[in-house]
Amino acid sequence: MILKYILLVLLILVLALVLFFMFSVLFPAMKAQSFPVDNLLFSDIELYYVIPDEVPIVKTGKFAVVLCSPGKKFEKKRLYYQRGQTCALINELYESLNDCKYSCIGLGDCENSCSQEAIIIENGTAVITQQCTGCGQCISVCPKHIIKLFSEGTEKCTLCNIVDNSIPSCSDCGKEQNIPVRQKKGFKIWQLCYRILNR
Amino acid sequence: MINIFLYYILYASVVLFYGIGINRTTVISRTITSTLALNIIKSLFSIISSTVLTWLVIEDLLVPLNLTELYPFIALLIFISLTVFIEILIRITTEINTSEFAISYLTILLSLNESSTLIDAIIIPLCCIASFVLILPVLYAVRMRIDSTRLRNDKTKKKSLIMISLAIIILITAICDITWLNPGVLP
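Parameters and conventions
- Residues numbered from 1 in each chain as written.
- Chains lettered and ligands numbered in written order.
- Predicted model: local features only at pLDDT ≥ 70, side-chain atom pairs only at ≥ 80, totals over all residues.
- Heavy atoms only, no water.
- Helix = DSSP H or I, 4+ residues; strand = E, 2+ residues; numbered from the N terminus.
- Contact = heavy atoms within 4.5 Å.
- Buried area = accessible area lost by both parts, 1.4 Å probe.
- Salt bridge = Lys/Arg side-chain N within 4 Å of Asp/Glu carboxyl O.
- Polar contact = N/O pair within 3.5 Å; in protein donor to acceptor, adjacent residues only side chain to side chain.
- Nonpolar A, V, L, I, M, F, W, Y, C, P; charged D, E, K, R; others polar.
- Buried < 20%, exposed > 50% of the residue type's maximum accessible area, 1.4 Å probe, protein only.
- Axes fitted to C-alpha atoms, helices over the stretch in contact; angles between N-to-C directions.
- Parallel < 35°, antiparallel > 145°, perpendicular 65-115°, else oblique.
- Left-handed = near helix turned anticlockwise from the far one by under 90°.

Observations concerning unusual backbone geometry
Moving on, step 1. The backbone of H145(A) sits at a positive phi, close to 55°, despite the residue not being glycine.
Moving on, step 2. Backbone geometry at E95(B) places phi at a positive 60°, although glycine is not the residue there.
Moving on, step 3. Residue placement: E95(B) occurs in the loop between α4 (71–94) and α5 (102–114).

Section: the interface of chain A and chain B
Moving on, step 1. Each partner contributes to the interface: chain A provides 28 residues, whereas chain B provides 30 residues.
Moving on, step 2. Across the chain A to chain B interface the summed buried area is about 2600 Å²; carbon plus sulfur atoms make up 76%.
Moving on, step 3. The largest share of the area that chain A buries against chain B comes from L8(A), L40(A) and L41(A), three residues that together contribute 22% of it.
Moving on, step 4. Our enumeration of links across chain A and chain B arrives at zero salt bridges.
Moving on, step 5. Between chain A and chain B we count two residue pairs in polar contact (both at pLDDT 80 or more) in total.
Moving on, step 6. Those elements that provide at least two residues to the side of chain A that touches chain B are α1 (2–32) and α2 (44–50) of chain A.
Moving on, step 7. A breakdown of the residues in the side of chain A that touches chain B according to their chemical character gives 22 nonpolar, two polar and four charged.

Considering the environment of P137(B)
Residue and element names in this part refer to chain B.
Moving on, step 1. Positionally, P137 belongs in helix α6 (residues 118–149).
Moving on, step 2. Owing to a relative accessible area of 48%, P137 belongs among the partly exposed residues under this scheme.
Moving on, step 3. Sequence-wise, P137 and S29 are 108 residues apart; in three dimensions their C-alpha atoms are separated by 7.2 Å.

Structural notes on the packing of α6(B) against helix α7 (residues 158–174) of chain B
Residues and elements named next belong to chain B.
Moving on, step 1. At their nearest, the axes of α6 and α7 sit 10 Å apart, and the two run at 135° to each other. Between α6 and α7, the angle falls in the class oblique. In the packing of α6 onto α7, the handedness of the crossing is right-handed. Contacts from V138, L139, V142, R143, I146 and D147 in α6 reach K158, L161, I162, S165, L166 and I169 in α7.
Moving on, step 2. Its residues assigned to classes, the contact of α6 with α7 shows eight nonpolar, one polar and three charged.

Read these as spatial facts, not as claims about activity.
Right, here's the structure in full:
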């Protein structure tokens, strides 16, 4: 019995070593001698159908900023977050969830529209991460029209879009602040999984 | 042996009954090229050798150790080692891309699941590949028939028509009485 266990482990080890040798020693050596060794396991049809193409990144020299501070605090809150609602619907029905009718609703319409998945929701406010390419897809989606494009290198701006004389109970109302720079966390393998699931 | 052959070629065809490679057949049937023969030979060799090796490992190691749940993993390791090795040989000698994973691996699993002896483990994958090859001319004919009766630029319903044709073929094979294939019925 023990001998059979040892044999099984040895078999798995030998197979793993063979695979390791092929993928890390043999293929690079063959590639160096210009042999076509791409996609040795999967056919082109399988790769095309299973793994969709990555969205190409075209930098425009600009980046989007949501003109609403993610660190804001309200003394009054009109409504509470309702799961499944959209910013467009809330804007149409109630104008805003908060005391300020110009503030970000934070239900993620822009997040869903972003092909680079560069928008995250933080404290009920959309925040653009470093993955933003400045394509501007989110601008037209935002019902509050508070997403604007800035040139790269801009560090400060007024993270507030109030255009009239209303005085909401927002702690960051009308303040000039550093533009929040967020690094979106995530492993490449999960990004690939999401691409496959969202196909 | 003839009952296994008939069963896996016609009534339980790997494409029609199990759906393995149904997408691939519809794609390949568009243009049947000369490299298809090489593809089939390579698949045949890698599938049969992987099935036999895995079957032996299962019989001699996994069954005595009560670890039969590990068989897909062992099959995967053996299959990848063999198929990549054969693929390298083909690439070096002919520079033709014959790589393929899903159909071969699923056929191996099917053969391992449904074989009771080593001979079965050789015949079943053989029949599976034969059924895969046999469906190609049929689908090619269906495709040509659809093309000849419809407008050249109207591609919208082509896939649907091919799938409906496949469904009809499946129905035709499924309505046959196959109880006589059971060895116990004949005596």
